[in-house]
Amino acid sequence: MTAPSGTGTSRAPRAPGGLPLLGHAVSLVRDPLAFLDRQRGYGDIVEIRIGRQPAYILNDPDLVHALLTGPTRRFDRGDIFTRARPLFGNGVAVADGTHHRDRRRVVQPLLNAKRLATYLDTMAEQTTARAASWSDGQDIDLNAEMADLTLNVVAATIFGQHLPAGFSSLIHHNLPIVVAGLARRAYGPAAALLDRVPSPERRKYRSALADIHRVVDELIQANRDTPTMARLATGADEQQLHDDATSLIVGGSHTSASAAAWLFILLARHPQIRRRLDDEVDRVLGDRPVTPSDLPELLHTRHVVQETLRLYPPIWFFPRRAATDLRLGGHSIKRGTQLFYSPYALHRDARWYPRPESFDPDRWHPDNAAPPPPGTCVPFAAGVHGCPGEDFALAELTLLAAAVTARWHLDPAPGPEPTPVAGATLGPAPLTMTVSARHPD
């Protein structure tokens, strides 16, 4: 790995293919995963252009670690997080500096280990009930099912209540529209014009954004007296309460939904790994539903979750901005310069992962003689802006995998191979899965 700083100063290699005036923004919007994969071949820190402005992509775990966990006030979240504020406002998902610190102190207790222990029974019940709602031979919309489930898990655990009818389908329909609009406005080639010129895209984007904010407000108003709302109201006006609730409801569920969808796709592609999962679940559960006490014994299940998050980290691209002139990896970085790293690209680097494209849960087994080096897998980021819901998500996905596996196999219906869509999260394109009973009556 590369040292985060050095005594010499050199110029980072520049990625080829930039366009006059637009730089590499078109590649980032049109085919971002392929673009990010290519950057590894140019160096551990690579210069790109966003319009006319230089920016850098970091391809080395030590540089990413320095970016995320180095001394405070060296980096802030940057312009792209600012441009996500039409959705998240000044909520903890996008807040920066002392405001982020203060709001994280309010939100963090809702997700700490003590509170998580009180959520696990509800998580298990929700995942078991979802699996029980399917029938042998049924076709399901995988993305919609996982989005609905994860939204309901967040509501039932953190917020302690059930969602109003139609809430999850409205979020599932409108969120991709909003996120695509935010991405265009963050680094698209015509970003400056999108909110100035009337267009069908602008009308659709604004309508979807308004719908999301409306249903979040309805959820808040219906639950003003709950402990979670009381906690979120600490030091907050009405707008801040709305923004933090949006961060938890939308941000906290959408990432888990993407990972859950990929988990079942990967199991369908790898029948031997799925058979091992079947055997473990049968051995641990027998004929009863999964419970939180089963988590320590569901070792292979946990490794399946970890490997899914390696291959398809829900948040696939992160920005930061230099808050001062500094040096990183021997390169001088000017104040205000944007820096990016991609968990998707980092997790597929052959230097750290033999056969990086392979789905191999045994990478994570404690007996593995060559485990992945620390810092090479960062699906939840790290440092002060690391995801506070990491343990929540890992428990949720493990319980879900076990609850579904106890009854069913999910296999893609005939049609095109599932492909990744690099939107708000790295989810699969819309996909129908057929439910098959593992133990037919």
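Now for a quick tour of the structure. As the structure is a prediction and not an experimental result, all values here were calculated from the model.

**Describing the overall build of the protein chain**
- Scanning the protein chain from terminus to terminus reveals 16 helices and twelve strands.
- The C-alpha radius of gyration of the protein chain comes to 22 Å, within 12% of the 22 Å expected for a compact globule of 441 residues.
- Projecting the C-alpha coordinates of the protein chain onto the three principal axes gives extents of approximately 65 × 55 × 45 Å.
- The buried share among the 441 residues of the protein chain stands at 52%.
- Taking the intrachain contacts of the protein chain between residues at least 6 apart in sequence as the baseline, contacts between residues at least 24 apart amount to 73%.
- For the protein chain, the accessible area works out to roughly 19,100 Å², and carbon and sulfur atoms hold 54% of it.

**Side note on empty space enclosed by the protein**
- Taken as a whole, this structure holds three cavities of 30 Å³ or more when the rule is applied.
- Put simply, the second largest cavity is a space of about 60 Å³.
- The wall of the second largest cavity is formed by Phe264, Leu267, Ala268, Arg274, Asp278, Val404, Thr405, Trp408, His409 and Leu410.
- When residues of the lining of the second largest cavity are traced back to their parent elements, those giving at least two are helix H12 (238-269), helix H13 (271-285), helix H16 (390-405) and strand S9 (408-412).
- Taken together, the residues that form the lining of the second largest cavity break down as six nonpolar, two polar and two charged.

**A word on the sheet that holds strand S4 (residues 139-141)**
- Read across the sheet, three strands follow the order S4-S12-S9 without closing on themselves; strand pairing throughout is antiparallel. This sheet does not close on itself; its edge strands, each paired only once, are S4 and S9. When strand polarity is set aside, the average angle formed by the axes of neighbouring strands in this sheet is 35°.
- Bridging between S9 and strand S12 (residues 432-437) involves five bridges; their strand directions are antiparallel. Residue pairing in the sheet places Leu410 in a bridge with Val435 of S12.

**Digging into the packing of helix H8 (residues 142-157) against H12**
- At a closest axis distance of 8 Å, the pairing of H8 and H12 adopts a crossing angle of 135°. Classified by the angle between their axes, H8 and H12 sit oblique to one another. As H8 runs across H12, the sense of the crossing is right-handed. Residues Leu142, Asn143, Met146, Ala147, Thr150, Leu151 and Val154 of H8 pack against Leu248, Ile249, Gly252, Ser253, Ser256, Ala257, Ala260, Ala261, Phe264 and Ile265 of H12.
- In terms of residue class, the contact of H8 with H12 is made up of twelve nonpolar, five polar and no charged.

**Focus: the environment of Leu175**
- In this fold, Leu175 is placed in helix H9 (residues 167-187).
- Taking the C-alpha atoms as reference points, Leu175 and Gly97, 78 residues apart in sequence, are found 27 Å from one another.
- Beyond its immediate sequence surroundings of up to four residues, Leu175 is in contact with Leu87, Ile212, Val250 and His254.

**Points about the sheet that holds strand S2 (residues 53-58)**
- Spatial strand order, S1-S2-S8-S5-S3: five strands in an open sheet with mixed pairing. Bordering the open sheet on either side are strand S1 (45-50) and strand S3 (75-76), each of which pairs with just one other strand.
- Examined bridge by bridge, S3 and strand S5 (residues 318-322) share two bridges and lie antiparallel to one another. Bridging from a neighbouring strand, Asp76 pairs with Arg321 of S5.

Criteria and cut-off values
Residues numbered from 1 in each chain as written. Predicted model: local features only at pLDDT ≥ 70, side-chain atom pairs only at ≥ 80, totals over all residues. Heavy atoms only, no water. Helix = DSSP H or I, 4+ residues; strand = E, 2+ residues; numbered from the N terminus. Rg over C-alpha atoms; globule rule 2.2 N^0.38 Å. Buried < 20%, exposed > 50% of the residue type's maximum accessible area, 1.4 Å probe, protein only. Contact = heavy atoms within 4.5 Å. Areas by Shrake-Rupley, 256 points an atom, 1.4 Å probe, with all protein chains shown as cover. 1 Å grid on protein atoms, 1.4 Å probe; cavity = no way out; pocket = protein on both sides within 12 Å on 5 of 7 lines; lining within 4 Å. Points joined across faces, edges and corners; volume = space filled by probe spheres on them. Nonpolar A, V, L, I, M, F, W, Y, C, P; charged D, E, K, R; others polar. Pairing = 2+ DSSP bridges. Axes fitted to C-alpha atoms, helices over the stretch in contact; angles between N-to-C directions. Parallel < 35°, antiparallel > 145°, perpendicular 65-115°, else oblique. Left-handed = near helix turned anticlockwise from the far one by under 90°.

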